[in-house]
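One-letter residues, chain by chain:
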Amino acid sequence: MEEIMSVADLSTPLKFAYWVPNVSGGLVVSTIEQRTSWDFDYNKKLARIAEDAGFEYALSQTRYAASYGADKQHEATSFSLALLAATEKLKVIAAVHPGMWHPGVLAKFIITADHISNGRAAVNIVSGWLKDEFVNFGLEWLEHDERYVRTEEFIRILRGLWTEQGYTQSGKYYNINNFTLSPAPVDVPGRPHPEVFFGGNSTAAQATAGRVADWYFSNGKDLEGFKENIAGVQASAAEVGRRPRYGLNGFVIARDSEKEARDTLREIVEKAHRPAVEGFRDAVQEAGASTKDGKGMWADSSFEDLVQYNDGFKTQLIGTPEQIAERIVEYKKIGVNLFLTCYLHFQEEVAAFGTDILPIVRELEADAARKAGVDFDPGETLAGTLPSKAGV
Ligand SMILES: Cc1cc2nc3c(=O)[nH]c(=O)nc-3n(C[C@H](O)[C@H](O)[C@H](O)COP(=O)(O)O)c2cc1C
């Protein structure tokens, strides 16, 4: 427990990200009205709203086939690059599957995106759960924990190619021989290379993230669930002297009264698209069940949880702006550094998050720091604390 408490960073402001709706159907599998579109024009406007509202990151989804609904999908790396080109400050995190990319090709792609955006490109490495995407593309579908063996090699190569000349790495899945990528990524003070985010919940995911990720992304969790998750990552990170940062997913329903917010949640669930949610549950729980300890992502998710397909209701960012801000700062106290948020009506609600919730969060953060006797610098960033060398 002491170990977990030491992860909390009360002196640095929380960071905020939003899910890029680059697949159709919004972020809940429900027929409730969602004024969210997956097209580029909508997303371009959303990205600009978000950076003005105080969001530092946007995260795209990588999806090649329909699954939880999401019947239509825009490809994640190209879409992310276009959003980078359309914004000034926003860092856009492109989701990628190691099994679909060669790490050298991705490293090169991200360097170009980084130059186009003046140092704002990042990646989210996702090991995958939708078997059909791989099998029907004729790609190998590795057994659960083996996917993380490949993922670890993949991330080490990205970091190596981004930071070293004449990089060599031989492994089970990739062999890189004396390779230098030129140009290197943009030299951003305090950032050794484009940031590597990592999504996954299982024991293997946590252990791998601790060894190689800059940021660990968790699906939605209650406070206890999140503590458990970061303890796993922390244990493996501590073994190799690393300090990854932590992001948590949450679906935000901010309304004038708590009742209104709860009613909205009820309506989302009542209007759930049952066959799509059930199909999704079967696919992901099968993927989770293939872990040795059965602790894969979504292993303990109910039907209601899965209506937001990254368990975003579990985080309970539901209520008035004050209630949500208080909840957010509770999570900060147990180690969350970044909130990954999603909404019913993205453009309107991202803007409202900036005006109604963020100022209260900043006040509460300053208050929490004062009480803990630490300085709170609203301008401080985390970049300087990220690991700097290949494999470290
Ligand atoms: C924040 C976050 C984002 C994710 N994004 C994607 C994605 O875009 N595409 C995808 O196929 N899987 C995505 N995943 C799922 C992971 O790749 C992984 O398959 C999932 O966590 C199950 O792995 P586990 O059984 O090891 O927990 C994401 C997971 C998280 C936590």
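Computed from a prediction, not measured in an experiment: that's the story for all the values here. (Residues numbered from 1 in each chain as written. Predicted model: local features only at pLDDT ≥ 70, side-chain atom pairs only at ≥ 80, totals over all residues.)

1. Side note on the overall build of the protein chain
For the protein chain, the count of helices and strands is 13 helices and 11 strands. Taking 392 residues into account, the globule formula puts the C-alpha radius of gyration at 21 Å, and the protein chain, at 20 Å, falls close to it. Counting only residues that meet the buried cut, the protein chain has 50% of its 392 residues in that class. Counting contacts in the protein chain only where the partners sit at least 6 residues apart, residues at least 24 apart contribute 78% of the total. (Helix = DSSP H or I, 4+ residues; strand = E, 2+ residues; numbered from the N terminus. Rg over C-alpha atoms; globule rule 2.2 N^0.38 Å. Buried ≥ 20, exposed ≤ 12 C-beta atoms within 10 Å, placed from the backbone. Contact = placed C-beta atoms within 7 Å.)

2. Points about helix 3 (residues 76–85)
Taking burial as the measure, the 10 residues of helix 3 include seven buried ones, the bulk of the element. When helix 3 is considered as a whole, its buried residues turn out to be Ala76, Thr77, Phe79, Ser80, Leu81, Leu83 and Leu84. Residues of helix 3 that are buried in the fold lie against helix 2 (40–53), strand 2 (57–59), strand 3 (91–96), helix 4 (103–116) and strand 4 (121–126).

3. Looking at helix 2
Here helix 2 spans 20 Å end to end across 14 residues, near enough to the 20 Å set by a 1.5 Å rise per residue. Listed in full, the buried residues belonging to helix 2 are Asn43, Leu46, Ala47, Ala50 and Glu51. Along the axis of helix 2, the buried residues cluster in a sector spanning 130 degrees; they form a single face. In this structure, the buried side of helix 2 is in contact with strand 1 (15–19), strand 2, helix 3 and helix 13 (346–372). Looking at the residues trailing helix 2, positive phi occurs at Gly54, about 105 degrees. (Expected span 1.5 Å × (residues − 1). Arc of directions from axis to C-beta.)

4. Focus on the environment of Ala366
Within the secondary structure, Ala366 sits in helix 13. Note: C-alpha distance between Ala366 and Ser11 (355 residues apart in sequence) is 8.2 Å.

5. Details of the environment of Arg362
Within the secondary structure layout, Arg362 lies in helix 13. You can call Arg362 partly exposed: it has 17 C-beta atoms within 10 Å.

6. Some thoughts on the packing of helix 7 (residues 203–212) against helix 8 (residues 223–239)
In the contact formed by helix 7 and helix 8, the axes pass within 7 Å of each other and the chain directions differ by 45 degrees. Taken together, the axis directions place helix 7 and helix 8 in an arrangement best described as oblique. Like other packed secondary-structure pairs, helix 7 and helix 8 cross with a definite hand, here right-handed. Along the contact surface, helix 7 presents Thr203, Gln206, Ala207, Ala209, Gly210 and Arg211, while helix 8 presents Asn229, Gly232, Val233, Gln234, Ala235, Ser236 and Ala237. Here the contact of helix 7 with helix 8 is composed, by residue class, of five nonpolar, seven polar and one charged. (Axes fitted to C-alpha atoms, helices over the stretch in contact; angles between N-to-C directions. Parallel < 35°, antiparallel > 145°, perpendicular 65-115°, else oblique. Left-handed = near helix turned anticlockwise from the far one by under 90°. Nonpolar A, V, L, I, M, F, W, Y, C, P; charged D, E, K, R; others polar.)

7. Side note on unusual backbone geometry
A cis amide bond links Ser182 with the next residue in sequence, Pro183, at an omega value of 5 degrees. Phi is positive for Asn118, close to 55 degrees, though the residue is something other than glycine. With respect to the helices and strands, Asn118 occurs in the loop between helix 4 and strand 4. Note on Asn118: 12 C-beta atoms within 10 Å, which makes it exposed.

8. Some remarks on the packing of helix 6 (residues 144–163) against helix 7
Running from N to C, helix 6 and helix 7 cross one another at 10 degrees; their axes reach a closest spacing of 10 Å. Comparing the axis directions of helix 6 and helix 7 gives the class roughly parallel. On helix 7, the residues touching His144, Asp145, Tyr148, Thr151, Glu152, Ile155 and Arg156 of helix 6 are Ala204, Ala205, Thr208, Arg211 and Val212. The residue makeup of the contact of helix 6 with helix 7, split by class, is five nonpolar, three polar and four charged.

9. Overview of the confidence of the model for the protein chain
A low pLDDT score tells you not to read the predicted coordinates there in detail. For the protein chain, per-residue confidence averages 93 on the pLDDT scale, and 93% of positions sit at 70 or higher. Contacts of residues 1–5 to residues separated by more than four positions or lying in other chains number eight contacts, the stretch itself having pLDDT below 50. Overall, residues 382–392 carries pLDDT values under 50, and its contacts beyond four positions in sequence, including any with other chains, amount to 25 contacts. (pLDDT = per-residue confidence, 0-100.)

10. With respect to the pairing of strand 8 (residues 215–218)
Burial along strand 8 is two-sided: the face carrying Trp215 and Phe217 and the face carrying Tyr216 and Ser218 are both buried. Relative to strand 8, strand 7 (residues 196–199) is paired through three bridges, and the arrangement is parallel. Looking at the pairing, Phe198 lines up with Tyr216 of strand 8. Note: strand 8 against strand 9 (residues 245–254), four bridges, orientation parallel. (Pairing = 2+ DSSP bridges.)

11. With respect to the pairing of strand 3
Across the six residues of strand 3, six count as buried, placing the element largely inside the fold. What you see with strand 3 is no split at all: Lys91, Ile93 and Ala95 on one side and Val92, Ala94 and Val96 on the other are buried throughout. In terms of strand pairing, strand 2 meets strand 3 through three bridges, oriented parallel. From the neighbouring strand, Leu59 faces strand 3, where its bridge partner is Ile93. Handedness of the crossover is the feature at issue here: the chain leaves strand 3, passes through helix 4, returns alongside strand 4, and the resulting connection is right-handed. (Right-handed = clockwise from strand over helix to strand, strands pointing away.)

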